[in-house]
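Observations on chain architecture
Listed here are the chains, written in short residue letters.
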Amino acid sequence: CFIPGGLDCSISFVSHVLGKVCIHGRQKEILGVLVPRLADLTKSDCIWQRICWRLVECVPDRWMEAVVLGFVQRAPGADVLSRLLGNLVVKNKKAQFVVTQKILLLQYGHTTAVLQNLLGYLSLDGLRRTLLLRVLQELLETWSSSSAVKHSPAEQQLYISKAILICLSHLKEPEIESCRQELLTSMMEGMKCHLDSSLPQLRHLGMVVAESISLKINTEGPVLKFEYEEDDETRELKSLLVQTPSYYVVPSLPDDDGSEKAGAALPLVPESNEKSHTAAPVMPDEESDAELDSDDDLIPYDMSEDKELKIKAPVYIRDCIEVLTGSRSEDVDKWEATVKALESLVRKNPAATREVSVELAKILLHLEEKTCIEGFVELRQRAQVAVLTTDPIPVAKYLTSQFYSLNYSLRQRMDILDVLVLAAQELSCPKFHGKTKHSSAQKPCIQLLLGSDSSKDWRRIVDERIKSKTRRFDMGQSRVELASRPNKFSSVAGYFFFPLIQHFDRPLTTFDLLGEDHLVLGRLVHTLAILMYLAVNTVVVTAMGKALLEFVWALRFHTDSYVRQGLLSCISSLLLSVPTEQILADMTEELLETQSWLGDVMEKDPDGDCRRLALQNLLLMENLKKKLEAVP
């Protein structure tokens, strides 16, 4: 539109209309049309740029958030957003609060593209770059706060980590030099908070962000490097750091997305090319030296008929003990053969195993790898499980007593928990007999893999148990028939369960479950939940349920989300395993208090898994109530 005669005009009315429409939920409709049109008009016309700046500057403060957020979400790039908003964040305090505080620190549901638009917009002008440095400082304060790590959800931690890496990608060398010490301090504090977390995702976030900060502040010296398995999330985080902001400077490029991808890939190519060029001149000399020293003229021996010398494994349990406790280096091959054959030997000779079961359990608990045996940890664990299932009571007494003893590493204590769970599973689950045409049928018991997150295993347990209690009227897969046999775990469940729950609140010199060793506490809580589930239909299940409920009640406000997930799993286990009549007869008041606590968790807990488990427990309680009401 044009105004003839050079007359002045005011667009405040249009600004009011824009703000009113956006605040009433029509943000997508109006800005979906307005932003592309304004982006095209402002590309080469400075008059239209000033008109657009006045349009957003005249929006009243009460509607400013909806308008600014809509522009940030729908702008195709940071350069376009810079043309549309100008220095709005410098002139308007409300817009500055929304951009530098609310979107970055108080919300976490926006996409990575929104973060790139927002932080790229702050980096494109000298007046706004001061805000970029301030934003980075506040993000690092939040990332390095132990309270924030404990009480904010993992999704928000990921969101803040992305924002930090995008900020780092926009920093210039003088700016990094000016805040190098602050970056180093925040890196050390935040890395400690994240590595102390029980959740693998938070630990990985801490490693990636710490590596990225170290890479930025130590351009010439050594940098941090952690060992972790890369997944899509970590690869995405690292890609945010290598993006270069140079493509924002050229607003006339039609394909911002393509240039962004090219900018992200460029830094990796010259480095490899440079290395290859510097190494190229050396290669001919090395090859010539190698030719002079070559052994190609020597005739190789014919080893086609050679056979590998096999070491015979011991055939008696006591011989195995002698080999495993021996210190002679020449017996290494025999030691390897013994470790590989021990599980089958224990299962084939139960009577001989019972004579030395506790001694053998002690040896396996302290056994260290002498040579590089493939799968050594799994072989040792399977042997421990075999010994425990062969002679459950004395071995369970020994292992549970050692869990709270001095001079054990956290790894050994968690190994004890894993062995107890696997043995309880083997004792309680009947074996499959018969055939089925569906090969996907698996054992209905828990599979605790080494290094796996036991909370995931527990969720699978609960889901399977609830699924088994759901009536279905369609024809599903054919079921595998289970041979009826006694549950061997029923007579020994108390030996597995009660010693573990007795001394959790007694700190030792090297072991404090309620203090810094919350990772082991989380594993302990999940282990108790699984043992409770496996004790269904046993005589001692009611006593176990009452003790477990008291245990949960004492720890219900724990700050670690992994521990809280385990406590909620314990409630699910109790509701599924203890008979309904016993629950109402012995635990009515406790369950009413637990129901109130579950309601608070479902509404207020920052962890999404905790909220889901709390809702699941409330549904289980409601099902119990309906079942009782149906009884005449």
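The structure contained in this document is the topic of the report that follows. On a predicted model such as this, the values are computed, not experimentally measured, just so you know. (Residues numbered from 1 in each chain as written. Predicted model: local features only at pLDDT ≥ 70, side-chain atom pairs only at ≥ 80, totals over all residues. Heavy atoms only, no water.)

It is at 10 Å that the axes of helix α18 (residues 317-325) and helix α19 (residues 332-348) come closest, and there the two elements cross at 145°. Note that α18 runs across α19; the crossing there is left-handed. Within the contact between the two elements, α18 uses I317, C320, V323 and L324 and α19 uses K334, W335, T338, V339, L342, L345 and V346. Taken together, the residues that form the contact of α18 with α19 break down as 9 nonpolar, 1 polar and 1 charged. (Axes fitted to C-alpha atoms, helices over the stretch in contact; angles between N-to-C directions. Helix = DSSP H or I, 4+ residues; strand = E, 2+ residues; numbered from the N terminus. Left-handed = near helix turned anticlockwise from the far one by under 90°. Contact = heavy atoms within 4.5 Å. Nonpolar A, V, L, I, M, F, W, Y, C, P; charged D, E, K, R; others polar.)

The terminal C-alpha atoms of helix α31 (residues 588-604), which comprises 17 residues, lie 25 Å apart, in line with the 24 Å expected from a rise of 1.5 Å per residue. The elements touched by buried residues of α31 are α28 (541-555), α29 (561-577), α30 (580-586) and α32 (608-630). (Expected span 1.5 Å × (residues − 1).)

Moving on: helix α12 (residues 180-195). Counted at 1.5 Å a residue, the expected span for α12 with its 16 residues is 22 Å, and the 22 Å between its end C-alpha atoms agrees. For α12, every residue scored as buried is listed here: L183, S186, M187, G190, M191, C193 and H194. For α12, the arc enclosing every buried residue in end-on projection is 160°, short of the 170-degree limit, so these residues lie on one face. Turned more than 90 degrees away from the buried face of α12, the exposed residues are Q181 and K192. Where α12 is buried, its residues meet α8 (126-143), α9 (146-151), α10 (154-170) and α13 (200-217). (Buried < 20%, exposed > 50% of the residue type's maximum accessible area, 1.4 Å probe, protein only. Arc of directions from axis to C-beta.)

The next thing to look at is a negative patch on the surface. On the surface, E550, D586, E589, E590 and E593 cluster together into a patch of negative charge. Element by element, the count of residues in the negative patch is highest for α31, at 3 residues. Looking at the element boundaries, E593 is found in helix α31. (Patch = residues over 30% accessible without salt bridge, like charges linked within 9 Å, V, L, I, M, F, W, Y side chains within 5 Å. Areas by Shrake-Rupley, 256 points an atom, 1.4 Å probe, with all protein chains shown as cover. Salt bridge = Lys/Arg side-chain N within 4 Å of Asp/Glu carboxyl O. Lys, Arg positive; Asp, Glu negative; His and termini not counted. Charge placed at Lys NZ, Arg CZ, Asp CG, Glu CD.)

So, on to the packing of aromatic side chains. Aromatic rings considered in pairs are described by the distance between their centres and by the relative angle of their planes. Using the criterion set out here, one finds 5 aromatic pairs in the structure. For the ring pair F403 and Y404, a centre distance of 4.9 Å and an interplane angle of 85° mean the geometry is edge-to-face. The residues F403 and Y404 share a single accessibility class, namely buried. In this structure, R62 is placed above the aromatic ring of W63, and the distance from its NZ or CZ to the ring centre is 4.3 Å. (Phe/Tyr/Trp six-rings, centres within 6.5 Å; stacked < 30°, edge-to-face > 60°. Lys NZ or Arg CZ within 6 Å of the ring centre and 35° of its normal.)

This part takes up the pattern of salt bridges. Using the criterion set out here, one finds 22 salt bridges in the structure. In this structure, R180 and E177 form a salt bridge, with 2.4 Å as the shortest nitrogen-oxygen distance. For R180, a relative accessible area of 23% gives the class partly exposed. Between R347 and E343 there is a salt bridge, and its shortest N-O distance comes to 3.4 Å. Of the two residues, R347 and E343 are both situated in helix α19; the distance of 4 residues between them amounts to about one turn of the helix. Under the relative-accessibility criterion, R347 is labelled partly exposed at 36%.

Bringing unusual backbone geometry into the picture now. Trans is the common state for peptide bonds, and a negative phi is the common state for residues other than glycine. We note that N407 has phi near 65°; this positive angle belongs to a residue other than glycine. Structurally, the position occupied by N407 is in the loop between α23 (392-403) and α24 (410-428). Positive phi is not limited to glycine here, since N537 has a value of about 70°. With respect to the helices and strands, N537 occurs in the loop between α27 (518-534) and α28.

Turning next to the packing of α29 against α31. Interhelical geometry of α29 versus α31 gives an angle of 135° and a closest axis separation of 12 Å. Of the possible angle classes, the one that applies to α29 and α31 is oblique. Crossing angle aside, the handedness with which α29 passes α31 is left-handed. Taken together, the residues of α31 that come into contact with α29 (itself represented by L568, I571 and L575) are L591, T594, W597, L598 and V601. Considering only residue class, the contact of α29 with α31 consists of 7 nonpolar, 1 polar and no charged. (Parallel < 35°, antiparallel > 145°, perpendicular 65-115°, else oblique.)

Moving on, we get to the side chain of K216. As for its position among the elements, K216 is in helix α13. For the buried residue K216, which engages in no salt bridge, the nearest side chain bearing the opposite charge is E173, 7.3 Å off. If sequence neighbours within four positions are ignored, K216 has contacts with L168, S169, I176 and L241.

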